[in-house]
Amino acid sequence: MTQENLFCALRAAFPDDVDAVAIETADTPDTLYYTWRDLERGTAMLANLIDSLALPPESRIAVQTEKSVEALMLYLAVLRAGHIYLPLNTAYQAGEVEYFIGNAEPAVVVCTEKNVRWVSDLAARLGTPYVFTLEDDRSGSLLDAAAPHSDRHTPALRAADDLAAILYTSGTTGRSKGAMLTHGNLLSNAQVLKDVWGWQPGDVLLHALPIFHVHGLFVASHGALLNGSRMIWFSRFDPRAVAARLPEATVFMGVPTLYVRLLAEPGFTKDTCRSMRLFISGSAPLLIETFREFRQRTGHTILERYGMSETAMLTSNPYRPEDQRRGGTVGPALPGVSLRVRDDRGQSLPTGDIGGIEVRGPNVFKGYWRMPEKTAAEFTADGWFMTGDVGHLSADGYVTIVGRSKDLIISGGYNVYPAEIESVINDMPGVAESAVVGVPHADFGEAVVAIVVAKPGMALDAAAMTARLKAQIANFKVPKRLFIVSELPRNTMGKVQKNLLRDAHRALFAA
Ligand code: MLC
Ligand code: AMP
């Protein structure tokens, strides 16, 4: 068997000058400099710690920590040790984390000190033997436990088809599904992006995205690592601070909200962008207004691309020539990715006709963790993955996404499934039923709004319900507005007409 561990491919790209800076922190109290040697040694020590636990092969290691360089090293160490990385959004609350631990049955959970009590209780109850903590100031039991271990480690032998990560994505119905991504999925995608985005010597990535989703963890981090490029590392996105450091960077990646916020920052100018080679946007639709305003302000044309947890990146506008980056489109399929648009009956549609986007390629995931029937339901009989996105193709292969067949809201780049929020609301005392919709939002792209009907004779209090939701679900899922109404609009079949609700609340946050 040949070594196809993704970690080895990333490490092979580290520069010969191992004492050069690989990552420089931008918002820690003191600037921290991590060399390539530090990444090699730190991941070796963490991988040796993981090895010392003698876990069964392909154990899941679930991680819910703040963003830090050590958290990135932990991801790399899990790859290195040959286990499966399971990142969790820091916004997830106990009830949400309980589901992930119950479903994935990780052997190790790494969490913050703040949460360690309830996480340990959950772990004990659900059979996870090891709990460690990791803080964003280089403290915590994980690093203490790793400290005595050797800084040399031989990476575990992995095949391209072996699992590297599980990313949970919510389902239209029911609970979240864990998308299983292999070493081969991730490496093939990273290699294609290195090529098509023209990564070059001297590139510096300004990294300001969270590292628990595809965009920040894979697209951004793999991109820099596979090019041996330095990263300027922000633990959170602050437009003013980011604008101040952009002159040192050449590549930036963001969800559309980050671009909206940069444009609102007076200190963000053409001069700020003087060293920049490439601005990339994805995870949610970039408004044409943002695309145009950005070009006008900076002279740079944002390159929009499209992807998802199950597939990593699928399409990209071209790097060159820059004037072929078309606003409002996500560009043609990446090399090696096949993409087609079909109607409800499975007929391929001609250029310009709107239908479901289906894809195939080495980047497409292996299936949902322990859910073969759900996996089968999302592939066509001839093996294409149905993305749930709706769009059309131009004559020269550019994809335009016009909507989604899945009932999904994307707010600031985070996915919110109305069915999940409705079910939490419906479980509250006095609630007869509810409908959750997404409406336009000037900053987040879309905002979550809930419309709730009380049981006969019951009175509901919107503020109290919102407070309750805040204690139960991740903050980005909490409806920005909650309305109590006497009934929901229905069609003759009795189905709730969400389009009418969206129309009624369209202007709430559009300004
Ligand atoms: C924060 N809030 C949000 C939110 N983020 N509400 C809706 N949607 C969001 N995305 C809430 C906070 O809880 C708070 O509520 C209030 O909004 C204001 O918070 P803030 O301080 O403005 O938020 P901030 O910390 O600045 O975060 C905003 C953000 C962040 C845009 C920087 O959401 C973010 O980093 N988004 C990127 C997501 C991402 O990486 N997606 C990639 C997925 S991968 P309150 O009530 O507490 O005041 C993928 C595949 C692909 O999709 O193709 O890439
Ligand atoms: P996730 O499940 O978090 O990986 O989100 C994937 C979804 O984000 C896709 O199915 C799309 O609906 C959406 N998405 C990603 N990139 C874009 C984009 N550039 N334009 C529009 N939607 C996008």
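Structure shown above.
What this report covers is the structure whose coordinates are included nearby. (Residues numbered from 1 in each chain as written. Chains lettered and ligands numbered in written order. Predicted model: local features only at pLDDT ≥ 70, side-chain atom pairs only at ≥ 80, totals over all residues. Heavy atoms only, no water.)

Some remarks on the overall build of the protein chain
Point 1. The number of helices and strands found in the protein chain is 15 helices and 24 strands.
Point 2. Relative to the globule expectation of 24 Å for 511 residues, the C-alpha radius of gyration of the protein chain, 23 Å, shows essentially globular dimensions.
Point 3. Taken along its principal axes, the extent of the C-alpha atoms in the protein chain is 70 × 55 × 50 Å.
Point 4. Split into buried and exposed, the 511 residues of the protein chain put 56% on the buried side.
Point 5. The long-range fraction of contacts in the protein chain, counting pairs at least 24 apart against all pairs at least 6 apart in sequence, stands at 66%.
Point 6. As displayed, the protein chain has an accessible area near 20900 Å², and 51% of this comes from carbon and sulfur atoms. (Helix = DSSP H or I, 4+ residues; strand = E, 2+ residues; numbered from the N terminus. Rg over C-alpha atoms; globule rule 2.2 N^0.38 Å. Buried < 20%, exposed > 50% of the residue type's maximum accessible area, 1.4 Å probe, protein only. Contact = heavy atoms within 4.5 Å. Areas by Shrake-Rupley, 256 points an atom, 1.4 Å probe, with all protein chains shown as cover.)

Focus: the packing of helix H4 (residues 94-104) against helix H5 (residues 116-126)
Point 1. Packing of H4 against H5 brings their axes to within 10 Å, and their N-to-C directions diverge by 30°. Along this stretch, H4 crosses H5, giving a crossing that reads as right-handed. On H5, the residues that touch Ala94, Val97, Glu98, Ile101 and Gly102 of H4 are Trp118, Leu122, Arg125 and Leu126.
Point 2. Partitioning the contact of H4 with H5 into residue classes produces 6 nonpolar, 1 polar and 2 charged. (Axes fitted to C-alpha atoms, helices over the stretch in contact; angles between N-to-C directions. Left-handed = near helix turned anticlockwise from the far one by under 90°. Nonpolar A, V, L, I, M, F, W, Y, C, P; charged D, E, K, R; others polar.)

Thoughts on the site of ligand 1
Point 1. Close to ligand 1 lie 23 residues; Arg261, Ser283, Arg305, Ser411 and Lys480 are nearest.
Point 2. In the model, a nitrogen atom of ligand 1 is placed 3.0 Å from a nitrogen or oxygen of the glycine 413 main chain.
Point 3. One of the side-chain nitrogen or oxygen atoms of lysine 470 is found 3.3 Å away from an oxygen atom of ligand 1.
Point 4. Burial of ligand 1 by the protein amounts to 75% of the accessible area it has alone, namely 1000 Å².
Point 5. In terms of residue count, helix H10 (residues 256-263) provides more of the shell around ligand 1 than any other element does, 3 residues in total.
Point 6. Per-class residue counts for the shell around ligand 1 are 9 nonpolar, 9 polar and 5 charged. (Near = heavy atom within 4 Å. Polar contact = N/O pair within 3.5 Å; in protein donor to acceptor, adjacent residues only side chain to side chain.)

Focus on the sheet that holds strand S18 (residues 385-393)
Point 1. Read from one edge to the other, the open sheet built from 4 strands follows the order S15-S16-S18-S19, with strand pairing classed as antiparallel. A strand with exactly one partner marks an edge of an open sheet, and here the two such strands are strand S15 (338-342) and strand S19 (399-404). Here the average twist between neighbouring strands, direction ignored, is 45°.
Point 2. By the bridge criterion, 5 bridges tie S18 to S19 in an arrangement that is antiparallel. Across the sheet, residue histidine 392 finds its bridge partner in S19, namely threonine 400. (Pairing = 2+ DSSP bridges.)

A look at the environment of glutamine 93
Point 1. Secondary-structure assignment places glutamine 93 in the loop between strand S4 (84-87) and H4.
Point 2. A relative accessible area of 23% means that glutamine 93 is categorised as partly exposed.
Point 3. Between the C-alpha atom of glutamine 93 and that of alanine 467, which follows or precedes it by 374 residues, the distance is 14 Å.
Point 4. Excluding its chain neighbours within four sequence positions, the residues that come into contact with glutamine 93 are Trp118, Lys470, Ala471, Gln472, Ile473 and Ala474.
Point 5. Side-chain polar atoms of glutamine 93 contact the backbone oxygen of lysine 470, separated by 2.5 Å.

Comments concerning the pattern of salt bridges
Point 1. Applying the stated criterion across every chain, the model contains 31 salt bridges.
Point 2. Here glutamate 446 ties to arginine 404 by a salt bridge, and the two come within 3.1 Å at their closest N and O atoms. Residue glutamate 446 is located in strand S23 (residues 445-454), and its partner arginine 404 is located in strand S19; the two are separated by 42 residues in the primary sequence.
Point 3. We classify glutamate 446 as buried; its relative accessible area is 18%.
Point 4. When its relative accessible area of 25% is taken as the criterion, arginine 404 is described as partly exposed.
Point 5. Here the salt bridges share partners, and the residues they tie into one network are Glu24, Arg230, Arg245 and Glu248. (Salt bridge = Lys/Arg side-chain N within 4 Å of Asp/Glu carboxyl O.)

Let's talk about the site of ligand 2
Point 1. Surveying the vicinity of ligand 2 reveals 16 residues, the closest of which are Arg305, Ser309, Asp389, Lys406 and Asn415.
Point 2. Lysine 406 has a polar side-chain atom sitting 2.6 Å from an oxygen atom of ligand 2.
Point 3. Burial of ligand 2 by the protein chains amounts to 91% of its free accessible area of 500 Å².
Point 4. Put simply, the parts of the chain that give the shell around ligand 2 at least two residues each are strand S13 (303-308) and S19.
Point 5. Top element by residues in the shell around ligand 2 is S13. It accounts for 5 residues.
Point 6. Class assignment for the residues of the shell around ligand 2 results in 7 nonpolar, 4 polar and 5 charged.

Side note on the packing of helix H7 (residues 183-196) against helix H8 (residues 214-226)
Point 1. In contact at an axis separation of 9 Å, H7 and H8 are set at 70° when each is read in the N-to-C sense. In this view, H7 runs roughly perpendicular relative to H8, as classed from their interaxial angle. With respect to the hand of their crossing, H7 and H8 are arranged in right-handed fashion. Listed contacts from H8 to Leu186, Ala190, Gln191, Leu193 and Lys194 of H7 are Phe218, Val219, His222 and Leu226.
Point 2. Partitioned by chemical class, the residues of the contact of H7 with H8 number 6 nonpolar, 2 polar and 1 charged. (Parallel < 35°, antiparallel > 145°, perpendicular 65-115°, else oblique.)

Side note on the packing of aromatic side chains
Point 1. One pass over the full model with this rule turns up 19 aromatic pairs.
Point 2. Both rings, one in tyrosine 259 and one in phenylalanine 279, keep their centres 6.3 Å apart while their planes meet at 75°; by these two values the pair is edge-to-face. Of the two residues, tyrosine 259 is situated in helix H10 and phenylalanine 279 in strand S12 (residues 278-281); the sequence distance between them amounts to 20 residues. Accessibility classification places tyrosine 259 together with phenylalanine 279 in one group, the buried group.
Point 3. Members of the aromatic cluster, each reached through a chain of ring pairs, are Phe252, Tyr259, Phe268, Phe279 and Phe294.
Point 4. The lysine or arginine in question, lysine 177, covers the ring of tyrosine 368, its NZ or CZ lying 4.5 Å from the ring centre.
Point 5. Looking at arginine 326, its charged tip hangs above the ring of tyrosine 398, at a distance of 3.5 Å from the centre. (Phe/Tyr/Trp six-rings, centres within 6.5 Å; stacked < 30°, edge-to-face > 60°. Lys NZ or Arg CZ within 6 Å of the ring centre and 35° of its normal.)

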